[in-house]
Every structure is written in C-alpha cells, then in structure tokens.
Amino acid sequence: MPVKAAPFTPPSWAGFFGSVTGLYARSGHEDSFIAPLTAPASPDNGFGWAVYAGYRFDNMWDVALGVSGAKLKEGSQTTLGVVHTVDGKYWAFDAEVGRTFLVGAGSSLRPFAGVRYAKWTTNEGFPSGGGGAPGSAVIDTSGWGPRIGVDGKFSIAQVRGLSLFGHGSFAYLYGDLDESGAFSGGFAAPNQSIKRDMTNWDFKLGVSYEVVQRVAISVGYSWEYWKGATLLNWSTAVAGPGTGSLDRKIQGPFARLSFGL
C-alpha cells in the first residue's frame, strides 16, 4: 500500500536570534528656525544603524534587546545675510517581549510589546550675519515609554530561502527638553528645561534571502517619524529661549545581516 508522506515539520525556532542593520538616512527636511520666518535650515542626510538580539523559547515566546540610532549631517542656509546651521542625531534603547506565530512553511507573525528610551540632540548655530550676535545652542529631547509593534515574514514559495518581511512599531515617550547655549555680546544664554513628550512611528519593508540555515541577508526601505523631537523656533538674543515643537523624519534604504529571524 502507498505510504502517506509525513507532514511538514518546520525547523526549530527556539534559540538565539539577532541582526545588524546599516541605513542610509535621508533627512525629512523639516525646517528649523532661529526666529519665525528668519533663516530656516534643515539637517542634511546621514546614516543610521541598529543592533538587535534576543532568545526564543520552545513555547515561541521570546525576550529581546535592541540599540539603534541615526546621525544627520550639518545643513546650512543663508537668508538675508543671516547664516544658520543645524544637525541632528538620536539613539534609542529597546527591551521587549514577543511571541512568534507560524502561519505557514517559512512564514510567521510576531507581535511584541516593551519599553523604549530615546534621546534626540540638535545642534543649532548662528555663526554670523544680519547684524545679530553669534551664538549656538544644544537641544536635547529625551524620554522613555511603552512601545508596541509587529514583525512579519512571508516565504516566497517559488524561490527557496527567499521571503518578504515587514515591521511596524509605535512608541510614546514621556520626557524632557533641555536647551543650553550662549550668545556673544553679553546677551542672556538661551537656557531652559521643559516637559516634552515624543511619539515615534517606525516602518520597514524588504526582501530577505537565507544564504545558509538561519542566516540571511536582507535589503529594504525604512521610514521613521519622530513627533516633538526639537524646538520649532530657536532662541534669539532678544526673544530668549526657543519655543514650539518640530518633528523629524528619517527614511532611506537599508541592508541587514540576521540570524534566526
């Protein structure tokens, strides 16, 4: 009598997993201002990175830690003789718990929840021009709070080892904004410390190829949005510390080396 084939048994998902990611960070060109309608400037493009590692148990639950960041190079603009420079960078630390659900051979969904700490640093410069007093300021916005999201991996059956993947997450960070700097000419320093919360959206989409078992090379596109990352109107020698809220957008292609994902 014919022998019925044994059902497909996926390889064990238990064990360590992780990834290292490099990103070409395209600035979203959110303008910053020394004063309203005066000398707008935006950070230039830069680079980003992420390191992520965790352990998945036999029951498909896992724990993971991640560190990520991005640096946007200095951008400058001169308007009516006023020179304004600005750059930006951030880093984030994540701790999370997730659970993997298998939805087919080589395909899975992993919802997760955890906490995130993040800090944005913006360096504003007013070198010269326009008859104003040269000055500079460092604006730090930091906070921590809950983060939730989902990772998905979907096998392309026609090509062994090839799959599509996606990621989406949201974080709400409770924190503070600190501005410190100085003006020449005896003007008051633009120093202040205020409460400032941030929200963060993060989406990734790409394609992955498993070169050997549990080791894959991936490429894709990333889009991040940070609401409330810095000040809208920077300090002036006359008006004092900066005001308002300005967002940051970072997007761009990335490459990732991963294992066990």
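Residues numbered from 1 in each chain as written. Predicted model: local features only at pLDDT ≥ 70, side-chain atom pairs only at ≥ 80, totals over all residues. Heavy atoms only, no water.

### A word on empty space enclosed by the protein
Thought 1: Evaluated as defined, the whole model comprises one cavity of 30 Å³ or more.
Thought 2: The space that makes up the largest cavity amounts to roughly 760 Å³.
Thought 3: Considering the residues around the largest cavity, the lining is formed by 45 residues, among which Ser-19, Tyr-52, Asp-151, His-167 and Arg-256 are closest to the centre.
Thought 4: For the lining of the largest cavity, the leading source of residues is strand E2 (residues 46-56), giving six residues.
Thought 5: The residue makeup of the lining of the largest cavity, split by class, is 17 nonpolar, 16 polar and 12 charged. (1 Å grid on protein atoms, 1.4 Å probe; cavity = no way out; pocket = protein on both sides within 12 Å on 5 of 7 lines; lining within 4 Å. Points joined across faces, edges and corners; volume = space filled by probe spheres on them. Helix = DSSP H or I, 4+ residues; strand = E, 2+ residues; numbered from the N terminus. Nonpolar A, V, L, I, M, F, W, Y, C, P; charged D, E, K, R; others polar.)

### Topic: the confidence of the model for the protein chain
Thought 1: Across the protein chain, pLDDT averages 87, with 87% of residues at or above 70.
Thought 2: Within the protein chain, strand E5 (residues 101-104) has the poorest average pLDDT of any element, 87, and E2 the best, 97.
Thought 3: This stretch, residues 5-11, has a pLDDT under 50; its non-local contacts, to residues over four places away or in other chains, come to three contacts. (pLDDT = per-residue confidence, 0-100. Contact = heavy atoms within 4.5 Å.)

### Quick notes on the pairing of strand E8 (residues 162-183)
As a general feature of sheets, a regular strand has side chains that alternate between the two faces.
Thought 1: As judged from the 19 bridges shared by strand E7 (residues 135-155) and E8, these two strands associate in the antiparallel manner. Directly across from Lys-153, in E8, lies its bridge partner Phe-165.
Thought 2: In this sheet, strand E9 (residues 192-195) lies alongside E8 in antiparallel orientation, the contact comprising four bridges. Of the residues in E9, the one forming a bridge with Leu-177 is Ile-194. (Pairing = 2+ DSSP bridges.)

### Some remarks on the nonpolar core
Thought 1: Within the largest apolar cluster, 16 residues are counted, with the highest numbers of intra-cluster contacts made by Tyr-90, Trp-120, Leu-173, Met-198, Trp-226 and Ile-250.
Thought 2: Within the residue set of this core, elements represented by two or more residues are strand E1 (15-27), strand E3 (61-79), strand E4 (82-99), strand E6 (107-126), E8, strand E11 (215-230) and strand E12 (246-259).
Thought 3: Those residues in contact with Tyr-90 that lie beyond four places of it in its chain are Ser-68, Gly-69, Ala-70, Lys-119, Trp-120, Glu-224, Trp-226 and Ile-250.
Thought 4: Within the second largest apolar cluster, eight residues are counted, among which are Phe-126, Ala-137, Leu-177 and Trp-234. (Core = buried A, V, L, I, M, F, W, Y, C linked by side-chain atoms within 4.5 Å. Buried < 20%, exposed > 50% of the residue type's maximum accessible area, 1.4 Å probe, protein only.)

### Quick look at a nonpolar patch on the surface
Thought 1: Taken together, Val-20, Phe-47, Trp-49, Val-51, Leu-65, Val-67, Trp-91 and Phe-93 make up a surface patch of nonpolar side chains, about 720 Å² in accessible area.
Thought 2: Of all the secondary-structure elements, those providing two or more residues to the nonpolar patch are E2, E3 and E4.
Thought 3: A total of three residues in the nonpolar patch trace back to one element, the largest contributor, which is E2.
Thought 4: Within the fold, Trp-49 resides in strand E2. (Patch = residues over 30% accessible without salt bridge, like charges linked within 9 Å, V, L, I, M, F, W, Y side chains within 5 Å. Areas by Shrake-Rupley, 256 points an atom, 1.4 Å probe, with all protein chains shown as cover. Salt bridge = Lys/Arg side-chain N within 4 Å of Asp/Glu carboxyl O.)

### Concerning the side chain of Ser-42
Thought 1: Looking at the secondary structure, you find Ser-42 in the loop between E1 and E2.
Thought 2: Residue Ser-42 is classed as buried on the basis of its relative accessible area of 15%.
Thought 3: A polar atom in the side chain of Ser-42 sits 3.3 Å from the backbone oxygen of Glu-30.
Thought 4: Those residues in contact with Ser-42 that sit more than four places away from it in its chain are His-29, Glu-30, Asp-31, Gly-75 and Val-86. (Polar contact = N/O pair within 3.5 Å; in protein donor to acceptor, adjacent residues only side chain to side chain.)

### Some points on the pairing of E5
Thought 1: As paired elements, E5 and E6 share three bridges and run antiparallel to each other. Counterpart to Phe-101 in the pairing with E6 is Leu-109.
Thought 2: Hairpin remark: E5 followed by E6, antiparallel, with two residues in the connecting loop; positive phi at Gly-106, about 80°.

### Details of the packing of aromatic side chains
Thought 1: Throughout the structure, instances matching the rule amount to 13 aromatic pairs.
Thought 2: One aromatic cluster in this structure is built from Phe-170, Trp-201, Phe-203, Trp-223 and Tyr-225.
Thought 3: Over the aromatic face of Phe-165 sits the side chain of Arg-256, whose NZ or CZ is 4.5 Å from the ring centroid. (Phe/Tyr/Trp six-rings, centres within 6.5 Å; stacked < 30°, edge-to-face > 60°. Lys NZ or Arg CZ within 6 Å of the ring centre and 35° of its normal.)

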